[in-house]
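Geometric and topological summary
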Amino acid sequence: MVEGRCPALVELTLRRLNWERARAVPAGLTSASGGGLPRWLRAALWVLLALLCLNGVFGHSFWGANDAREGAMIWDMVRHGSLVTPTLNGVPYLEKPPLLHWTGVAICRLAGRVNEGLVRLPAALYGFGTLVLLYLLVRGRREDGDAGAAGRELAAWAAVFMCSTAIEFHEYSRIVLTDMALTFMVTLSLYLFLRAYERGGWWRWAGYLGASAGAFYAKGLIGPAMVWLAVAGFLAWKRRVRLLLGLGLAFVPVMLAVVLPWVVALYRAGGESVVRFVFWDNQVGRFFSFADRSLPRDPFFIHKEPWSYYLRNLPVYLLPWTLLFVPALPAWWRKASRFRGDAAVLLRCAAVAILALLHLSAAKVAVYALPAYPFLFAMLGVWVADLAARAEWSRLERVFAPATAIVLAAVFLAVPCVFIAGLYLRPDLFRTGDTPHTMLQLALAAALVLLVVGLATAVRRLARSPLRARGLALAPAGVALALGMVTLLATPAMERQRSVKPFAALVAQEAGLGTEVALATGECRDIGAFVFYLDRRLPNLRGVGGVHQYMSQPGPRAVIVSRGDLAAVDAALTDTPHAAVGVSSPATSAGSFALVVNRAAADLDAANRARSRGGEYRLALAPVPLGETAGELATGVAPLGLSAASGLQ
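Residues numbered from 1 in each chain as written. Predicted model: local features only at pLDDT ≥ 70, side-chain atom pairs only at ≥ 80, totals over all residues. Heavy atoms only, no water.

Another point: the confidence of the model for the protein chain. A residue-level look at the protein chain finds 82% of positions with pLDDT of 70 or above and a mean pLDDT of 80. Here residues 1-34 is a poorly scored stretch, pLDDT under 50, and it has 118 contacts once near neighbours within four places are set aside; other chains count. Between residues 609-649, whose pLDDT stays under 50, and residues either more than four places distant or in other chains, the model counts 102 contacts. (pLDDT = per-residue confidence, 0-100. Contact = heavy atoms within 4.5 Å.)

Structural data, given as structure tokens:
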């Protein structure tokens, strides 16, 4: 694959992946087992990758809007058996086809329960599957006497661990959102296309056509569009126009066979208007920019960004590897590039096609670029393994490769140092348990410092050793290990700040006493969180008028409102005796809500409502002053304020 002046150049691909053959394989890429990695090391890398993909999936509550909204949809589908389209609090959610949600429903039904980790697990599995496909794509097929197999395997591992630790990929493989399912389906389709193109066979072509059609269920028409634009560019470059036309004609009946059953089910469930909304208003309208103001603001009139959005923002979300792309991309795109062959052309076509399609879309969000990540990091992994095997580096490479290592070491050293200092300077933010738990956190922080120092020392020594090629190419695996430890260290503190479960527990206690509970919010994230944690569908009131009507009815009633809306609710209930209760940490997500109760609810059992919730969220409610305003009820050490502007109309 690689030809040049340096005898240490290594072939990073083979004739089937067609990177370009090297004349010699450097000693650093060989081993006693025949040139590949030792079995124990390969097994350890797979275990590390699997643990990294599962780390952060279980053991904490919903932290963001996507998690709460989409997780509640899976809960609703499990509890109420609606599989045609996702539903949120009983209302059909027609933005996207439900591949991710179907996967979550299947996992929850197999497990016999629904919890946060199980509804996040599909995204983690699709993320892991994407990384496996990335590994196979770069490594290629193994053949007897293949001198470049060791180099390609190193390139594959470098690509896998850099992709898995990119902040956007790492975050969204732990969030209940469809984009990781889309990334998996696009990667699977293009991987199957390359295998079919290289080796032939009708069953391989059938697999590609089925996967590219199935990509529709990940996120709609954008899935097949990404796949086919990349394939069209590849075949046009190869001047295989007849093959492109033949595949296109074969794709039409396959696509119809795959998608029509869902279309028919949609039509039966909601009629022509639902089908039109799903395919025209949502799919076409969001890609372009419909001006029909009768459509919902979210999602039709949000995320409208200029054409330069991804150029400005994508470098941030490729961190911590952004600096490496500066020398890597020119090496791939210059006319005399060493990276040639069918796989190299497909990687370029896929990256360009996906990013071009995203630029054309009127709606732009950083997470939409996730399907391009496997192909960008495949190129980066091949370049890194090539760089590690070369003795001579260009000026750009001599600047940006060491700079990346320095930045990584500084960041991973700063995190535990800040955490250790925070335990003593800001215990309200960093301490999440008793003394033994705090000591365990300190030990983990110290272990992370030792790990980072050890990795930095090892990389520096390997750069001067015969194992340099292997050591530098596998350095991203060390970054993955450090990132996993950072996640374990940060999760308890983030959980305390971002969880709404303590407030949900207060609401559940009130509902357990016989109080009818409703919501007064238009935010899907809040609806999802409380429906999920209260394990029931809740009436959602519209505006302060709806709250007044609901609270004026006989019987014990309560309404969940945000603190920002509390003043408006209080003003609307001047003729209705009421009070508000909440948890005692207003700086947390749980403290941003209040439960407004009427006289009947307050009379149920004030003592039960004032029971301790334990820990930082211990309630110390004063006796409910009926007839007083919501702002005059003490919760914890401070009353619920009424100064925030209201979002209710």
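Viewed as axis vectors pointing N to C, helix 18 (residues 395-425) and helix 20 (residues 435-462) meet at an angle of 160°, and their least axial separation amounts to 9 Å. One way to sum up the angle between helix 18 and helix 20 is to call them roughly antiparallel. The hand of the helix 18/helix 20 crossing is left-handed. For the pair helix 18 and helix 20, the contacting residues are Ala409, Phe412, Leu413, Pro416, Phe419, Ile420, Leu423 and Tyr424 in the first and Thr438, Gln441, Leu442, Ala445, Leu448, Val449, Val452 and Val453 in the second. For the contact of helix 18 with helix 20, the residue count by class is 14 nonpolar, 2 polar and no charged. (Axes fitted to C-alpha atoms, helices over the stretch in contact; angles between N-to-C directions. Helix = DSSP H or I, 4+ residues; strand = E, 2+ residues; numbered from the N terminus. Parallel < 35°, antiparallel > 145°, perpendicular 65-115°, else oblique. Left-handed = near helix turned anticlockwise from the far one by under 90°. Nonpolar A, V, L, I, M, F, W, Y, C, P; charged D, E, K, R; others polar.)

In this section: the side chain of Arg69. Structurally, the position occupied by Arg69 is in helix 2 (residues 65-80). A relative accessible area of 11% places Arg69 in the buried class. Aside from chain neighbours lying at most four places away, what touches Arg69 is Leu88, Tyr93, Lys96, Leu177 and Cys524. (Buried < 20%, exposed > 50% of the residue type's maximum accessible area, 1.4 Å probe, protein only.)

What follows covers the sheet that holds strand 5 (residues 578-581). What the 4 strands build is an open sheet, ordered 3-4-6-5; its pairing is mixed. Sheet topology places strand 3 (516-519) and strand 5 at the edges, where each strand pairs with a single neighbour. Across the sheet, the axes of successive neighbouring strands diverge by a mean angle of 25°, strand direction being ignored. Here 4 bridges tie strand 5 to strand 6 (residues 593-598), and the two strands are oriented antiparallel to one another. Bridge pairing links His578 to Asn598 in strand 6. Each of strand 3, strand 4 (557-562), strand 5 and strand 6 touches helix 23 (residues 501-512); the most contacted strand, strand 6, lies at about 15° to it. (Pairing = 2+ DSSP bridges.)

Geometrically, the link from Leu319 to Pro320 is a cis peptide bond, its omega value of 10° lying close to zero. Structurally, Pro320 can be placed in the loop between helix 14 (309-317) and helix 15 (322-333). Look at Asp535: it is not a glycine, yet its phi comes out positive at around 60°. Mapped onto the fold, Asp535 is located in the loop between helix 24 (524-534) and helix 25 (543-551).

This part takes up the layout of surface pockets. Of the pockets and cavities examined, the second largest pocket occupies roughly 1200 Å³. Elements with a contribution of two residues or more to the lining of the second largest pocket: helix 1 (39-54), helix 17 (373-389), helix 18, helix 20, helix 21 (468-473) and helix 22 (475-498). Grouping the amino acids of the lining of the second largest pocket by side-chain chemistry returns 35 nonpolar, 3 polar and 4 charged. (1 Å grid on protein atoms, 1.4 Å probe; cavity = no way out; pocket = protein on both sides within 12 Å on 5 of 7 lines; lining within 4 Å. Points joined across faces, edges and corners; volume = space filled by probe spheres on them.)

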